[in-house]
Amino acid sequence: MSFYITCAIDYPNSRPHVGTAYEKISADTIARYKRLAGEDVFFLMGLDEHSQNVEKRAHEEGLEPAAFCDRMEGVFREAWKSVNVEYDDFIRTTEERHHRAVVAMVERANASGDLYEGSYKGLYCVSCEAYYLERDLEDGLCPIHKKEPAWREEDNVFFRLSSYGDKLKALYEEHPEFVQPATRRNELLALIDEGLEDVSVSRASSGWGVPMPGHSGQAVYVWFDALTNYLSALGFPDDTDRYQRYWPADVHLVGKDITRFHAVIWPAMLMSAGLPLPATIFGHGWVLTAEGRMSKSMGNVMDPMVVAEQFGADSLRYFLLREVRFGRDMEFDYERLIGRINADLANDLGNLFQRTLTMAKKYRDGVLAAPGAGASVTGLPEKAREVVDTYREAMDRYDLQGGLVAAWELVSAANLAIDGHKPWELAREDDRTAELDSVLYELVEALRYLMVLVSPTMPEKARAMAGQLGWSLPSEEWMLDSLLESAPESVQVNPGDPLFPRLDPDDFLDPA
RNA sequence: GGCGGUGUAGCUCAGAGGCAGAGCAGGCGGCUCAUAUCCGCCGAGUCGGGGGUUCGAAUCCCUCCACCGCCA
């Protein structure tokens, strides 16, 4: 089975922040999980470069937009690398392959009779690249940028979104999973029920953008440009192998603020073009700070590279995914981050690894053989299988938090089993060596399961665990099914450095 | 203004007619393999307020308050 997952493409007019990274980390974790589950995964991200803000920013930097974007591509790629995000393709909307796809989508919509010329006039905020109604302004200013919008009137091309209401409604009803989480779906159903209005799909061109076919002086506006990236990365409009394998997408992962465009305009565009629809639009929550949403205009951004450097990329990833139910907003707070790292990673998981491997080393010189068939001594193998089921069930619903919670049930069970069986006592009793062998082996097996369950969220730490467990299978070959079927005959473990050192909050938090 | 959501322990939240729960934080105890870790025990919370239905309400109904989202 193939699995195609995309992120929103980002405006490169400023550096990515932790909020942007959250989306990529979530998508990366889903992609890695799907690979574990044995699926043929394609994971896409990229940049949305045709924005007037990008153009403006480039000129402020004294660069041509194209050169500026080339530079920002490096900045984004470096940021994603720093948080262990690995994608299969990186699409830029200024690429030739993308232009061809955009033109094809416009032509298809036109051939379906869904485009027409009209005139657009109103108050326009250049920063938002959007028109405002008088009543939506605050003291005559754009509510987001606090700038005065300018009166603008222009002839544009319009898309007949209004004629897709019934089809979208039917889509939502036949596929309740199309928009997730449910709260977003409810909002959009209400929106559709109120009646959709046609949308303008072109703008007067400054030369930066895809020229609107058949309308000189006009550039394709954001919908037909940006949304189409999901197709262009697959080679559309050519009938490529990639397109055949991966379209339609399984999930478009986007921020809750742009879920609407992905769940209304995008499927309408695809219907108009006669193309299959994606299975799910998932609207994730925002990363908030005490001052509100993390965003450039709030001036409260945190650089993911800096946070990853300070706390470890995988620890940051764990925190972001474990802290709240996926889909909801989360508050990014250093005290909480450190609390999670210490409680869950250092104390529970890290210490479990350390104590288990130390005992294996001390009592059996690190070499453990599989006990004969039969019921386990600790119950851990049975627990592990149960946890894997819960884990898969959660992850398949994109409940990334639930997957981690399930894995931690095994962590708890293993810590409990150690206290229950007291290997240090068994080691002193000559007639109980077989029991000690079994206990140690079952514990190490539990660690092997944990290594795999945790690998989508913490790929780097999973490799470190693999090293200590003497597990040499390359990460590409890690799969849940083979994990379940092939318990090793014997293992040779080597305790190493603590996986997650305990953090002292005083080292990170201001005494003030 | 319309639609929807939320309000439960110090904090974050789960529970959706049948004895108020989990994790974290805090307190006490136990263990010694371990990263001051792990294990166990410890909760006098008007379940936002008020009214109602019911043998029984965090849970269902009405109403009010506060906050949030979407739309206008």
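The rules behind these values
- Residues numbered from 1 in each chain as written.
- Chains lettered and ligands numbered in written order.
- Predicted model: local features only at pLDDT ≥ 70, side-chain atom pairs only at ≥ 80, totals over all residues.
- Heavy atoms only, no water.
- Pairing = 2+ DSSP bridges.
- Helix = DSSP H or I, 4+ residues; strand = E, 2+ residues; numbered from the N terminus.
- Buried < 20%, exposed > 50% of the residue type's maximum accessible area, 1.4 Å probe, protein only.
- Arc of directions from axis to C-beta.
- Contact = heavy atoms within 4.5 Å.
- Near = heavy atom within 4 Å.
- Polar contact = N/O pair within 3.5 Å; in protein donor to acceptor, adjacent residues only side chain to side chain.
- Salt bridge = Lys/Arg side-chain N within 4 Å of Asp/Glu carboxyl O.
- Disulfide = S-S within 2.5 Å.
- pLDDT = per-residue confidence, 0-100.
- Axes fitted to C-alpha atoms, helices over the stretch in contact; angles between N-to-C directions.
- Parallel < 35°, antiparallel > 145°, perpendicular 65-115°, else oblique.
- Nonpolar A, V, L, I, M, F, W, Y, C, P; charged D, E, K, R; others polar.

**Let's talk about the sheet that holds strand β2 (residues 40-47)**
Taken in spatial order, the 6 strands line up as β3-β2-β1-β11-β12-β7 in an open sheet, and their pairing is parallel. What marks the edges here is a single partner per strand, and that holds for β3 (89-92) and β7 (179-180). Inspection of the sheet shows β2 paired to β3 by 4 bridges, in the parallel sense. Of the residues in β3, the one forming a bridge with Met45 is Phe90.

**Concerning unusual backbone geometry**
The peptide bond linking Gln180 to Pro181 adopts the cis configuration, its omega dihedral lying at -5 degrees. If you trace the backbone, Pro181 turns up in the loop between β7 and α6 (182-194). Phe236 connects to Pro237 through a cis peptide bond whose omega is 10 degrees. Structurally, Pro237 can be placed in the loop between α8 (229-232) and α9 (241-246). Unlike most non-glycine residues, Asp365 shows phi in positive territory, near 55 degrees.

**Some thoughts on the sheet that holds strand β8 (residues 199-200)**
With antiparallel pairing, the 4 strands of this open sheet are ordered in space as β5-β4-β6-β8. Of all the strands in the sheet, just β5 (130-132) and β8 have a single pairing partner and so form its edges. Pairing of strand β4 (residues 115-125) with strand β6 (residues 150-159) involves 10 bridges; the strand directions are antiparallel. By the bridge assignment, Gly118 is partnered in β6 with Asn156.

**Concerning helix α5 (residues 165-174)**
Taken as a whole, α5 has its buried residues at Gly165, Leu168, Leu171 and Tyr172. Projected onto a plane normal to the axis of α5, the buried residues spread over an arc of 125 degrees and lie on a single side. In α5, those exposed residues whose orientation departs by more than 90 degrees from the buried face are Asp166 and Glu174. Where α5 is buried, its residues touch β7, α6 and α10 (259-273).

**Quick word on the protein's contact with RNA strand B**
Taken together, 28 residues lie near RNA strand B, and Glu194, Arg260, Arg336, Asn351 and Asp419 sit nearest. When the atoms of RNA strand B within 4 Å of the protein are sorted by group, sugar and phosphate make up 76%. Glu194 places a polar side-chain atom, nitrogen or oxygen, 2.3 Å from a sugar or linking oxygen of RNA strand B. With respect to RNA strand B, the side chain of Asp348 contributes an N or O atom lying 3.1 Å from a phosphate oxygen. Taken together, the elements giving at least two residues each to the surface near RNA strand B come down to α6, α13 (334-364) and α15 (400-421). At 12 residues, α13 tops the list of elements feeding residues into the surface near RNA strand B.

**A closer look at the pattern of salt bridges**
Tallied over the full model, the rule gives 40 salt bridges. Note that Glu61 and Arg71 form a salt bridge whose closest N and O atoms lie 2.8 Å from each other. Placement of the pair is Glu61 in the loop between α2 (52-60) and α3 (65-82) and Arg71 in helix α3, with a sequence separation of 10 residues. The class for Glu61 is partly exposed, based on a relative accessible area of 34%. Judged by relative accessible area, Arg71 falls into the partly exposed class, the value being 43%. Among the ionic pairs, Glu73 bridges to Arg77, the shortest N-O distance being 2.8 Å. Linking Glu73 with Arg77, this pair stays in helix α3, spanning 4 residues, or about one helical turn. Since its relative accessible area comes to 17%, Glu73 is described here as buried. Residue classification places Arg77 among the partly exposed residues on the basis of a relative accessible area of 33%. Each of Glu49, Asp70, Glu73, Arg77 and Arg92 takes part in a single network of salt bridges with overlapping partners.

**Some details on the state of the cysteines**
Taken as a whole and assessed by the stated rule, the structure comprises 0 disulfides. Residue Cys7 stays outside any disulfide, its sulfur separated by 19 Å from that of Cys69, the closest cysteine. Take Cys69: its relative accessible area is 0%, and that puts it in the buried class.

**Focus on the side chain of Asn342**
Relative to the helices and strands, Asn342 resides in helix α13. Setting aside residues no more than four positions away along its own chain, Asn342 makes contact with Asn347, Arg502 and Leu503.

**Looking at the confidence of the model for chain A**
Counting all residues, the mean pLDDT for chain A is 91, and 93% of those residues have values of 70 or more. Taken together, the chains of this predicted complex give a pTM of 0.94 and an interface ipTM of 0.94.

**What about the packing of α2 against α3?**
Axes are the key here: two packed helices are described by the angle between their axes and the distance separating the axes. One way to put it is that α2 packs onto α3 with a least axis distance of 8 Å and a crossing angle of 95 degrees. It follows that α2 is roughly perpendicular to α3 by the angle criterion. Contact with α2, carried on its side by Val54, Glu55, Arg57, Ala58 and His59, involves Pro65, Phe68 and Cys69 of α3 and no other residues of that element. When the residues that make up the contact of α2 with α3 are grouped by side-chain class, the tally is 5 nonpolar, 1 polar and 2 charged.

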